[in-house]
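Structure assessment
The residues making up each chain are set out below.
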Amino acid sequence: MKKSYLIHVIWAIVAVVAFVMGSKRIAGDAGVDVDDTGSRSGGRYAGRSVSGEPGGGEQNRMSTRVRRGVSSESSSGRSRKTALSESGIKSIGKLLQTSTDPIERRIAFSRLLEGLTEENAMLMREQLVHMSSSSPEWQEFHYAWGALAGQSSVEFGAESEKRDMAACFSGWVSANPAAALAWFDSQPDDRRERGDLKWGAVYGLANTDTYGATQFVLQRERSGDRQADDMIKIVASSVLRSGDIQDAARWSQELPKGEVQDAAVREVAEDYVSEDPAKAVAWLESLPEGSAQMRGTEVAFSRWASRDAEAAIGRIDRMQVSDLRDSAVRGYTQRIAYRDPSGSIELASTISNPKLRDQTLVRVGRIYMQRDKEAATRWLANSNLAPGLQKSIREFSRRR
């Protein structure tokens, strides 16, 4: 045990040394001031990526830094401007393209964002064109640019061959939602309905105003947007990050009934089960009967089965015959079917709703046929499933 502990300590020291050496190298290359304590002036990028994952701190602090010219306090309490020269920007760009050290590249990228201004944004973008449009760095840069420059960055993205527009718009919405959404509403239908703009709006609002994000998604649902149920998952993730699970549960229950609420409940249920399966199921049982309750229960038992199948099936065994139990069985069997196809078939056969039972048996039966064709063929012959359903199981197995 002592040897293992020593190894961890050594690796921790190596990581710290690498981080410090990388910081000093980048500071020297880019002309960054270092105070007399050895600390680099300027804080790290504190925003969130367009994917919604944490990017180093609170998004509001990032937007404030960007708008104030990216100045920060050193450890001695003195405030310093962390402007980058053209040569400094290009030096960081070269390092981003050539360095094989991920820590060094991340520090370099953070330094680039700290020096972002409306005037140098295009030059900075040139240092990133080698990156994929889906990379976190590309998305985060354009998010920061959008928060700083607003409409001009978005309109540049509209003409760009790469995927700039959504990330820029997301940043603009997070920094100035009133102006950004007014611009969005003023756009022609074909541009407003473009997926990149509406998704950028949801991400930007979810980072700063979950109520506003919720209202935006509900408006999209009312206008007939079939992707509204997927959009609400982004808002649900933000609600889950910013509050406790009970707050998220209440938020999902307050949504109007429909596909959007169903999707929100499923998202919350999945997270709730990870925290406390028993409480999650109790919450779902307390919901009004309907599709939100059913779908939430299905995803909850699917997740619970992956974590503790024995506890999950024990809970199902205590449930009375009902639509709720049917949903629990459906979620559970579809999760464990690869591990125990015959047991899943047996349990799925107890679903009381005939249509749901047949759908579940087809799904699990296809897995059974892949895992043990001989045993599955014997089961199928005596399954009493309609000939068309039996055929779909066999044909699916052949295609695989």
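The present account deals with the structure reproduced in this document.

Basis of the calculations
- Residues numbered from 1 in each chain as written.
- Predicted model: local features only at pLDDT ≥ 70, side-chain atom pairs only at ≥ 80, totals over all residues.
- Heavy atoms only, no water.
- Helix = DSSP H or I, 4+ residues; strand = E, 2+ residues; numbered from the N terminus.
- Buried < 20%, exposed > 50% of the residue type's maximum accessible area, 1.4 Å probe, protein only.
- Contact = heavy atoms within 4.5 Å.
- Areas by Shrake-Rupley, 256 points an atom, 1.4 Å probe, with all protein chains shown as cover.
- Phe/Tyr/Trp six-rings, centres within 6.5 Å; stacked < 30°, edge-to-face > 60°.
- Expected span 1.5 Å × (residues − 1).
- Polar contact = N/O pair within 3.5 Å; in protein donor to acceptor, adjacent residues only side chain to side chain.
- Core = buried A, V, L, I, M, F, W, Y, C linked by side-chain atoms within 4.5 Å.
- Axes fitted to C-alpha atoms, helices over the stretch in contact; angles between N-to-C directions.
- Parallel < 35°, antiparallel > 145°, perpendicular 65-115°, else oblique.
- Salt bridge = Lys/Arg side-chain N within 4 Å of Asp/Glu carboxyl O.
- Left-handed = near helix turned anticlockwise from the far one by under 90°.

1. A word on the overall build of the protein chain
Along the protein chain, the regular secondary structure elements total 22 helices and 2 strands. In the protein chain, which comprises 400 residues, the proportion classed as buried is 48%. Long-range pairs, those at least 24 residues apart, make up 59% of the contacts in the protein chain with a sequence separation of at least 6. Carbon and sulfur atoms form 49% of the exposed surface of the protein chain, whose accessible area is close to 20200 Å².

2. Some remarks on unusual backbone geometry
Of note, the phi angle at N384 is positive, near 65°, even though the residue is not glycine. Assignment of secondary structure puts N384 in the loop between α21 (373-381) and α22 (387-399). Using a relative accessible area of 75% as the deciding quantity, one classes N384 as exposed.

3. Here we look at the packing of aromatic side chains
Working definition: an aromatic ring pair is given by the centre-to-centre distance plus the angle between the planes. Scanning all chains against the criterion turns up 11 aromatic pairs. Between F169 and F184 the ring centres are 6.0 Å apart and the planes differ by 25°, which places this aromatic pair in the stacked class. Taken as a pair, F169 in helix α8 (residues 165-175) and F184 in helix α9 (residues 177-186) lie far apart in primary sequence, 15 residues in all. Residue class for F184 comes out buried when judged on its relative accessible area of 2%. Ring plane angle 55° and centroid distance 5.7 Å describe the contact between W172 and W183, whose orientation is recorded as tilted. Taken as a pair, W172 in helix α8 and W183 in helix α9 lie far apart in primary sequence, 11 residues in all. In this pair, the class of W172 matches that of W183, namely buried. Feature note: the residues F169, W172, W183, F184 and F216 constitute an aromatic cluster, connected by ring pairs.

4. A few points about helix α4 (residues 102-114)
With 13 residues, α4 ought to run about 18 Å at 1.5 Å a step, and its terminal C-alpha atoms sit 18 Å apart, in line with that. If you check the start of α4, you find a side-chain oxygen 2.9 Å away from the backbone N of I103, and it comes from D101.

5. So, the nonpolar core
Grouped together as the largest cluster of nonpolar side chains are 84 residues, with contacts concentrated most on F169, I232, W251 and W283. Broken down by element, the residue count for this core peaks at 9 residues, all from helix α17 (residues 291-317). When residues no more than four places from it in sequence are discounted, the contact partners of I232 are V217, W251, L255, V260, A263 and A264. Counting 15 residues, the second-largest nonpolar core is a separate cluster that includes I345, Y368, M369 and I393.

6. Remarks on helix α6 (residues 136-149)
Helical geometry: 3.6 residues make up each α-helical turn, so side chains three or four residues apart lie on a common side. Between its first and last C-alpha atoms α6 spans 20 Å; for 14 residues at 1.5 Å apiece the expected length is 20 Å, and the two agree. Across the 14 residues that make up α6, a large majority, 12, are buried. Among the residues making up α6, those that are buried are W138, Q139, E140, F141, H142, Y143, A144, W145, G146, A147, L148 and A149. Of the residues trailing α6, G150 is marked for its positive phi of about 65°.

7. Side note on the packing of helix α12 (residues 210-222) against helix α13 (residues 228-242)
Two elements in contact, α12 and α13, have axes separated by 9 Å at closest approach and are oriented at 170°. Put simply, α12 runs roughly antiparallel to α13. Residues T210, A213, T214, V217, R220 and E221 of α12 form the contact with α13, whose participating residues are A228, M231, I232, V235, S238 and V239.

8. Side note on the pattern of salt bridges
A full pass over the atoms with the stated rule returns 15 salt bridges. Between K198 and D225 there is a salt bridge; the shortest N-O distance is 2.8 Å. One end of the pair, K198, is in helix α11 (residues 195-208); the other, D225, is in the loop between α12 and α13, and 27 residues separate them in sequence. For the residue pair K198 and D225, the accessibility class agrees, reading buried in each case. The residue K233 makes a salt bridge to D230 at a minimum N-O spacing of 3.4 Å. Separated by 3 residues within a single helix, K233 and D230 lie in helix α13, roughly one turn from each other. By relative accessible area, which is 34% here, D230 ends up partly exposed.

9. Describing the packing of α4 against α6
Running from amino to carboxyl end, α4 crosses α6 at an angle of 15°, the nearest separation of the two axes being 11 Å. Judged by the inter-axis angle, α4 sits roughly parallel to α6. Between α4 and α6 lies a crossing whose hand is right-handed. Contacts between α4 and α6 involve R106, F109 and L113 from the former and E137, E140, F141 and A144 from the latter.

10. Focus: the side chain of S170
Within the fold, S170 resides in helix α8. The exposure class of S170 is buried, given its relative accessible area of 0%. In this structure, S170 is in contact with Y143, G200, Y203 and G204, ignoring residues within four places of it in sequence.

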